[in-house]
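One-letter residues, chain by chain:
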Amino acid sequence: MSGPLIVLVGPMGVGKSTVGELLADRLGTTYRDTDADVVATAGKPIPEIFYDEGEEHFRELERRAVHTAVAEHTGVLSLGGGAVLDDTTRALLAGRPVVYLSMDVEEAVRRVGLNIARPLLAVNPRRQWRELMDARRHLYTEVARVTVATDERTPEEVAQAVLDALELPERTDDPGRENTPMTEQGPTRIPIAGSAGTDPYEVLVGRQLLGELPALIGDRAKRVAVLHPEALAETGEAVRQDLAGQGYEAIAIQLPNAEEAKTVEVAAYCWKALGQTGFTRTDVIVGVGGGATTDVAGFVAASWLRGVRWIAVPTTVLGMVDAAVGGKTGINTAEGKNLVGAFHPPAGVLCDLAALDSLPVNDYVSGMAEIIKAGFIADPLILDLVEADPEGARTPTGPHTAELIERAIRVKAEVVSSDLKESGLREILNYGHTLAHAIEKNERYKWRHGAAVSVGMVFAAELGRLAGRLDDATADRHRTVLESVGLPLTYRGDQWPKLLENMKVDKKSRGDLLRFIVLDGLGKPTVLEGPDPAVLLAAYGEVSA
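Model, not experiment: these values are computed from the prediction. (Residues numbered from 1 in each chain as written. Predicted model: local features only at pLDDT ≥ 70, side-chain atom pairs only at ≥ 80, totals over all residues. Heavy atoms only, no water.)

What to know about the overall build of the chain
A tally of helices and strands in the chain yields 23 helices and 16 strands. Residues counted as buried form 56% of the 545 residues belonging to the chain. A fraction of 74% describes how many contacts in the chain between residues 6 or more apart in sequence connect residues 24 or more apart. Accessible surface, the chain as shown: approximately 22,000 Å² in total, 50% of it carbon and sulfur. (Helix = DSSP H or I, 4+ residues; strand = E, 2+ residues; numbered from the N terminus. Buried < 20%, exposed > 50% of the residue type's maximum accessible area, 1.4 Å probe, protein only. Contact = heavy atoms within 4.5 Å. Areas by Shrake-Rupley, 256 points an atom, 1.4 Å probe, with all protein chains shown as cover.)

Examining the side chain of Glu259
Relative to the assigned elements, Glu259 resides in the loop between strand E9 (249–255) and helix H12 (264–277). Among the polar contacts listed, one links the side chain of Glu259 to the side chain of Asn332, at a separation of 2.7 Å. Once residues lying within four places of it in the same chain are set aside, the contact partners of Glu259 are Ala292, Asn332, Lys337 and Tyr445. (Polar contact = N/O pair within 3.5 Å; in protein donor to acceptor, adjacent residues only side chain to side chain.)

So, the sheet that holds strand E5 (residues 146–149)
One open sheet holds the five strands; their spatial order is E2-E3-E1-E4-E5, and the pairing between them is parallel. Edge positions in the open sheet fall to strand E2 (31–33) and E5, since each of these has one partner strand only. Across the sheet, the mean angle separating the axes of adjacent strands is 25° when strand polarity is ignored. Contacts from helix H2 (residues 34–42) reach E2 and strand E3 (76–78) within the one sheet, and its direction differs from that of E2 by about 60°. (Pairing = 2+ DSSP bridges. Axes fitted to C-alpha atoms, helices over the stretch in contact; angles between N-to-C directions.)

What about the sheet that holds strand E6 (residues 188–192)?
Read from one edge to the other, the open sheet built from seven strands follows the order E6-E7-E14-E11-E10-E8-E9, with strand pairing classed as mixed. In this open sheet, the two edge strands, each paired with only one partner strand, are E6 and E9. Across the sheet, the axes of successive neighbouring strands diverge by a mean angle of 15°, strand direction being ignored. Where strand E8 (residues 223–229) and E9 come together, seven bridges link them in parallel fashion. Residue Pro229 lies in a different strand from E9, and its bridge partner there is Leu255. Set on the sheet, helix H11 (residues 233–245) makes contact with E8, E9 and strand E10 (284–289); between it and E8 the angle comes to about 165°. The strands touched by helix H13 (residues 291–303) within the sheet are E8, E9, E10 and strand E11 (309–314), with E10 carrying the most contacts at an inclination of about 170°.

A short note on unusual backbone geometry
Trans is the prevailing form of peptide bonds, just as negative phi is the prevailing case for residues other than glycine. The backbone phi angle of Glu167 is positive, close to 55°, even though this residue is not glycine. If you trace the backbone, Glu167 turns up in the loop between helix H8 (155–166) and helix H9 (182–185). For Glu167, a relative accessible area of 70% puts it in the exposed group.

Some thoughts on the packing of aromatic side chains
Each aromatic ring pair is described using two quantities: the centre-to-centre distance and the angle formed by the ring planes. This structure, assessed with the given rule, holds six aromatic pairs. With a centroid separation of 5.0 Å and an interplanar angle of 25°, the aromatic rings of Tyr100 and Tyr140 are classed as stacked. Here Tyr100 is found in strand E4 (residues 98–102), whereas its partner Tyr140 is found in helix H7 (residues 125–143), with 40 residues between them in sequence. We note that Tyr100, like Tyr140, is buried. When the centroid spacing of 6.1 Å and the interplanar angle of 45° are considered together, the rings of Phe459 and Trp496 count as tilted. Of the two residues, Phe459 sits in helix H20 (residues 449–466) while Trp496 sits in helix H22 (residues 496–504), which places them 37 residues apart along the sequence. Through a chain of ring-to-ring contacts, the aromatic side chains of Phe459, Trp496, Phe516 and Tyr540 assemble into a single cluster. (Phe/Tyr/Trp six-rings, centres within 6.5 Å; stacked < 30°, edge-to-face > 60°.)

Some thoughts on the nonpolar core
Counting residues in hydrophobic clusters, the biggest one holds 96 residues, and the most contacted among them are Val203, Ile285, Ile371, Ile372, Ile409, Tyr431 and Phe459. If we skip the residues at most four places from it in the chain, Val203 touches Thr188, Arg189, Ile190, Ile192, Val325, Val349, Cys351 and Ile409. With 20 residues, the next largest nonpolar core counts Ala24, Val76, Val148 and Ala161 among its residues. (Core = buried A, V, L, I, M, F, W, Y, C linked by side-chain atoms within 4.5 Å.)

Topic: the pattern of salt bridges
Counted according to the given criterion, the structure contains 38 salt bridges. One salt bridge in this structure joins Glu60 and Arg63, with 2.9 Å as the shortest N-O distance. Here Glu60 and its partner Arg63 are both found in helix H4 (residues 55–72), three residues apart, which amounts to about one turn of the helix. The partly exposed category is assigned to Glu60, whose relative accessible area is 29%. With its nearest N and O atoms 3.4 Å apart, the salt bridge here joins Arg479 to Glu462. Taken together, the residues span a long stretch of sequence, with Arg479 in helix H21 (residues 472–484) and Glu462 in helix H20 at a distance of 17 residues. Several salt bridges share partner residues, and in doing so they unite Glu462, Arg465, Asp472, Asp476 and Arg479 into one network. (Salt bridge = Lys/Arg side-chain N within 4 Å of Asp/Glu carboxyl O.)

Points about the environment of Thr263
Tracing the sequence through the fold places Thr263 in the loop between E9 and H12. Separated by 33 residues in the primary sequence, Thr263 and Val296 have C-alpha atoms spaced 8.4 Å apart. Setting aside residues no more than four positions away along its own chain, Thr263 makes contact with Ile331 and Asn332.

Here's the deal with the pairing of E8
Among the seven residues that make up E8, seven are buried, leaving the element largely enclosed by the rest of the structure. Because side chains alternate across E8, one face comprises the buried residues Arg223, Ala225, Leu227 and Pro229, and the other comprises Val224, Val226 and His228, equally buried. Taking the sense of rotation as the criterion, the β-α-β connection linking E8, H11 and E9 turns out right-handed. (Right-handed = clockwise from strand over helix to strand, strands pointing away.)

Focus: the packing of H20 against helix H23 (residues 533–541)
At their nearest, the axes of H20 and H23 sit 8 Å apart, and the two run at 130° to each other. Of the possible angle classes, the one that applies to H20 and H23 is oblique. Seen along the crossing, H20 lies across H23 with a hand that is right-handed. Two secondary-structure elements touch here, H20 through Phe459, Glu462, Leu463 and Leu466 and H23 through Val535, Leu536, Ala538, Ala539 and Tyr540. Of the residues contributing to the contact of H20 with H23, the split by class is eight nonpolar, no polar and one charged. (Parallel < 35°, antiparallel > 145°, perpendicular 65-115°, else oblique. Left-handed = near helix turned anticlockwise from the far one by under 90°. Nonpolar A, V, L, I, M, F, W, Y, C, P; charged D, E, K, R; others polar.)

Some details on the packing of H2 against H4
The N-to-C vectors of H2 and H4 enclose an angle of 120°; their axes lie 9 Å apart at closest approach. By the angle class used here, H2 and H4 are oblique. Read as a crossing pair, H2 and H4 show a hand that is right-handed. Residues Thr34, Asp35, Asp37, Val38 and Ala42 of H2 form the contact with H4, whose participating residues are Phe58, Leu61, Glu62, Ala65, Val66 and Ala69. Across the contact of H2 with H4, the residue classes break down as seven nonpolar, one polar and three charged.

Right, here's the structure in full:
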């Protein structure tokens, strides 16, 4: 019987994508995910399909994707959690090498708890998980040749168990391949040096990092406030429950989604909640969410009692590589972005890569802008990795995901360790951001930050070229790299007068003097101060749609 070498089934969050990639690598074959096929066909993430067209429409798309993949794919294939509900799909899987990856409810909540909202676990994840499994467990076991439990196992250990159960030989043509299990390696720890008045801390990058929270919170804290966006309501509650189980008086404070959270009214709402809870200077704030959430959490922590400890748990690429690292916190006003804020470094940052597994593709790609920025200003190997596999760079299942994120974090870590308060070196992190913030304000913060930064970097490259600073090849490389992952290169040409006014009140300006970060060459950022207005206009002409 032709078809996939292995078919993985099991509930959402069990790790099918991670294990599937590992299996494909060890067997020297390719990996395919029918959920990704559905997203590609629909042109929108799965939660939006559920909410816009309903579950029945999604199931039909899923059924077609599964039947196509089983007919075409000869490597490792993983199916969505509910694919086995379809009678014809179960019949199609009969006699095939199907593996059921199982886990118990507590493990499920730990894993799913740090992901974005799941359409079928919207209110009470534990209860609804049990209900889902009661309806599906017998279907998984019906189609599976073997069952592999994933509880308290690393993805590497699960992959090995699958190979052993199916008696498949592992590829042996790559003797240098790393086989060390994640539990032995532990998370990657990236140190951030302290400076005057601040303590050093670490950024942890890995999977299943929620267990690191109590050690970061410490014994002195009695109360913990978990700030989270509305879209991560069940995530915030899962974290709160876990911390309450550790003995803390834990509360959850729900914020609006994205940039709508970054207002003085939202900050005041948080202050009120802290005051009513009796929050003291030894208590701790935890920010769980994207960059906007960690910006607000850090600002509230900086301003409450003149500064309390806080921990960032970013759940987006942008949050991991940019917003949560370095201690810049802030809120927006009608006059501009991040004009009110403070430098208040966190006590630690937990970058759980599992949180990216279900991130909508546009949000994931948006975060790539900050990673690519790090490549142009400091680490060109980032650009090489993206250019080697642009499609892989667009997804958390890409072969270089962890390395790209870690490299971008290390760039920022080195900069902020030397210059906490942007008095010198740290300004290079603003590459592309002067125009980007002006675009965001002009769009009333409806544009994704990374999309605006992408246009801003192309503008900065053209500005450097026209100023005689940057060579043509590096300037052109901006366009090819950014476009290859799906980021925009242009903005509306008729908006230049408004953008120019917005840039004049940007926090990077000095008096009336506009300042831009440009490149003298790859990895050689520098300041261009007060450029000729005609040069600015000409550079904008190169990004005008």
